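Spelled out, the chains give:
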Amino acid sequence: MPYNTTAIPPRKEVTGQTQLPLTRVKKIIAQDPDIQVCSNNAAFVITLATEMFVQYLAEQAQEKTKLERKPRRNIQYKDIANAVAHQDNLEFLEDVVPKTTSYKDVKGKAAAARTRIKGGDKPSGDQPERGMPNGKKHKVAANGAGSSPDGGVQRSRILSTSDAGDPNAQLEAEAEAVVARRGGNNDGDVDMTG
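No experiment lies behind these values; they were computed from the predicted model shown.

A. The overall build of the protein, seen in detail. What the protein contains, in helices and strands, is 6 helices and 2 strands. When the helices and strands of the protein are read in sequence order from the N terminus, they spell out α-α-α-α-β-β-α-α. Going through the 194 residues of the protein one by one, you find that 18% of them count as buried. If you take every contact in the protein between residues at least 6 apart in sequence, the share linking residues at least 24 apart comes to 26%. Carbon and sulfur atoms make up 54% of the accessible area of the protein, which amounts to about 15500 Å² in all.

B. Layout of the side chain of Asp79. Position of Asp79 among the secondary structure elements: in helix α3 (residues 77-86). Overall, the relative accessible area of 0% leaves Asp79 in the buried class. When residues no more than four places from it in sequence are discounted, the contact partners of Asp79 are Ala61, Lys64, Thr65, Glu68, Arg72 and Asn74.

C. View of the nonpolar core. If you look at the biggest cluster of nonpolar residues, it comprises 6 residues: Leu57, Ala81, Val84, Leu90, Leu93 and Val97. In contact with Val97, other than residues within four places in its own chain, are Tyr77, Ile80, Ala81 and Val84.

D. Local environment of the packing of aromatic side chains. Enumeration according to the criterion identifies 1 aromatic pair in this entry. With centroids separated by 6.1 Å and ring planes inclined at 40°, the aromatic side chains of Phe53 and Phe92 adopt a geometry described as tilted. With a gap of 39 residues between them, Phe53 in helix α2 (residues 40-66) and Phe92 in the loop between α3 and α4 (103-118) connect regions that are remote in the sequence. Given a relative accessible area of 32%, Phe53 falls into the partly exposed group. The class of Phe92 is exposed, set by a relative accessible area of 56%.

E. Here's a closer look at a negative patch on the surface. Residues Asp88, Glu91, Glu94 and Asp95 make up a contiguous surface patch of negative charge. Residue position: Asp88 is located in the loop between α3 and α4.

F. The confidence of the model for the protein, seen in detail. Per-residue pLDDT for the protein has a mean of 75; in total, 68% of the residues score no lower than 70. For the stretch residues 123-129, pLDDT sits under 50, and the model shows 11 contacts to residues farther than four places along the chain or on other chains. Confidence drops under pLDDT 50 across residues 138-163; counting only partners more than four residues distant or on other chains, this segment forms 60 contacts.

G. Quick peek at the pattern of salt bridges. According to the stated counting rule, one finds 2 salt bridges in the structure shown. Between Arg72 and Glu68 there is a salt bridge; the shortest N-O distance is 3.0 Å. Residue Glu68 is classed as partly exposed on the basis of its relative accessible area of 25%.

Calculation notes
- Residues numbered from 1 in each chain as written.
- Predicted model: local features only at pLDDT ≥ 70, side-chain atom pairs only at ≥ 80, totals over all residues.
- Heavy atoms only, no water.
- Helix = DSSP H or I, 4+ residues; strand = E, 2+ residues; numbered from the N terminus.
- Buried < 20%, exposed > 50% of the residue type's maximum accessible area, 1.4 Å probe, protein only.
- Contact = heavy atoms within 4.5 Å.
- Areas by Shrake-Rupley, 256 points an atom, 1.4 Å probe, with all protein chains shown as cover.
- Core = buried A, V, L, I, M, F, W, Y, C linked by side-chain atoms within 4.5 Å.
- Phe/Tyr/Trp six-rings, centres within 6.5 Å; stacked < 30°, edge-to-face > 60°.
- Patch = residues over 30% accessible without salt bridge, like charges linked within 9 Å, V, L, I, M, F, W, Y side chains within 5 Å.
- Salt bridge = Lys/Arg side-chain N within 4 Å of Asp/Glu carboxyl O.
- Lys, Arg positive; Asp, Glu negative; His and termini not counted.
- Charge placed at Lys NZ, Arg CZ, Asp CG, Glu CD.
- pLDDT = per-residue confidence, 0-100.

If you want it as structure tokens, here you go:
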């Protein structure tokens, strides 16, 4: 027997009730350590706002579904991800609802990263210049390590993480390189004595 796939239209009249369970929303609000007390009216308004947001997100995803070559009636994850990627006011959800990638693409990127880390992607001919965190440029040696302005040799991990664009990983790699230059065996703790 086929499923009933007809959409349930949103209510037009005000009934004083919400579609989402109000008690569950109150429990979610209570989990926030910044909120000590939340009145019933505030929880009701938050629940209504959540319903309106979910309805808007579903409408935007449905619009993306209609724009496909073969339009569908059902909304899929990729439709929501496309709506988030193409709507400016849904941009804040890009980390929560990322666009999907095929397994083949992920596997190819992982293989390329492994070869780059193992030294399979060595520069040929002219050594390219790489940017330092302080804005200065330095040459990259054939083995992937570059000389820093203070005369020390950086590890290739710093260069590979600086390509990734993740500032946290770059800072961690630079901190490890400083510890390695000093000859210390640091487990990641910072010595604040001096």
